[in-house]
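Below are the chains, spelled out letter by letter.
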Amino acid sequence: MENVGVVKELYPQKGWGFIEMECGSDIFFHRINLVGNFRELAPGTPVEFTIGKDARQRRQALNVRPF
């Protein structure tokens, strides 16, 4: 299932950030889960993504791509 949201916070030097989902909740994302160039993102950028879990079973955004 595809989800949509906007980049809420971005920490390019650390390689991660948070997306505000349509429901109002925030979800973590890491640059390794970004489809495309991390430098294309900025706060307020609309994105599509799927939701999955990392190795520690924490929820995060996967296959993140701007649209």
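Scroll up for the structure.
Residues numbered from 1 in each chain as written. Predicted model: local features only at pLDDT ≥ 70, side-chain atom pairs only at ≥ 80, totals over all residues. Heavy atoms only, no water.

## Regarding the overall build of the chain
To keep it simple, the criterion reads: Helix and strand definitions follow DSSP, with helices as H or I runs of at least four residues and strands as E runs of at least two, each counted in order from the N terminus. As a reference, a globule follows 2.2 Å times the number of residues to the power 0.38, and the radius of gyration itself is taken over C-alpha atoms. Exposure categories follow from relative accessible area, calculated using a 1.4 Å probe and restricted to protein chains: below 20% of the type maximum is buried, above 50% is exposed, and the middle band is partly exposed. Note on contacts: a residue pair qualifies if any of its non-hydrogen atoms lie within 4.5 Å across the two residues.
In terms of regular secondary structure, the chain is built from zero helices and five strands. The C-alpha radius of gyration of the chain comes to 11 Å, within 12% of the 11 Å expected for a compact globule of 67 residues. Viewed in the frame of its principal axes, the chain has a C-alpha envelope of about 25 × 25 × 20 Å. Within the chain, the fraction of its 67 residues that count as buried is 34%. Summarising the internal contacts of the chain: among those between residues at least 6 apart in sequence, 45% fall at separations of at least 24.

## Here we look at the nonpolar core
Keep this limit in mind: Residues belong to one nonpolar core when they are buried, are Ala, Val, Leu, Ile, Met, Phe, Trp, Tyr or Cys, and are joined through side-chain atoms within 4.5 Å.
Core analysis: the biggest nonpolar cluster contains 13 residues, and Ile19, Phe29, Leu41, Val47, Phe49, Ala61 and Val64 have the highest contact counts within it. At the level of elements, strand S1 (3-11), strand S2 (16-21), strand S3 (26-30), strand S4 (46-53) and strand S5 (59-66) are the ones that each hand at least two residues to this core. Beyond its immediate stretch of four places on either side in the chain, leucine 41 contacts Val7, Leu10, Phe29, Leu34, Val47 and Pro66.

## What about the side chain of threonine 45?
The cut-off we apply is this: Pairing of N or O atoms within 3.5 Å defines a polar contact, subject to two protein rules: one partner must be a possible hydrogen donor and the other a possible acceptor, and residues neighboring in sequence count only if both atoms are side-chain atoms.
Relative to the helices and strands, threonine 45 resides in the loop between S3 and S4. Within the local environment of threonine 45, its side chain forms a polar contact with the backbone oxygen of alanine 42, the two atoms lying 2.7 Å apart. Not counting chain neighbours up to four residues away, the residues in contact with threonine 45 comprise Gly5, Val6, Val7, Glu40 and Pro66.

## Focus on the environment of proline 12
With respect to the secondary-structure elements, proline 12 resides in the loop between S1 and S2. Between the C-alpha atom of proline 12 and that of proline 46, which follows or precedes it by 34 residues, the distance is 17 Å.

## A few points about the pairing of S3
Put simply, the rule reads: DSSP calls a pair of strands paired once it identifies at least 2 bridges connecting them.
Residues Ile27 and Phe29 of S3 are buried on one face, while the alternating residues Asp26, Phe28 and His30, pointing to the opposite face, are not. Relative to S3, S2 runs antiparallel, the two being bridged by five bridges. Looking across to S3, one finds that phenylalanine 18 is bridged to phenylalanine 28. A loop of four residues connects S2 with S3, the two strands running antiparallel in sequence, and glycine 24 in this loop sits at a positive phi of about 100 degrees.

Read these as spatial facts, not as claims about activity.
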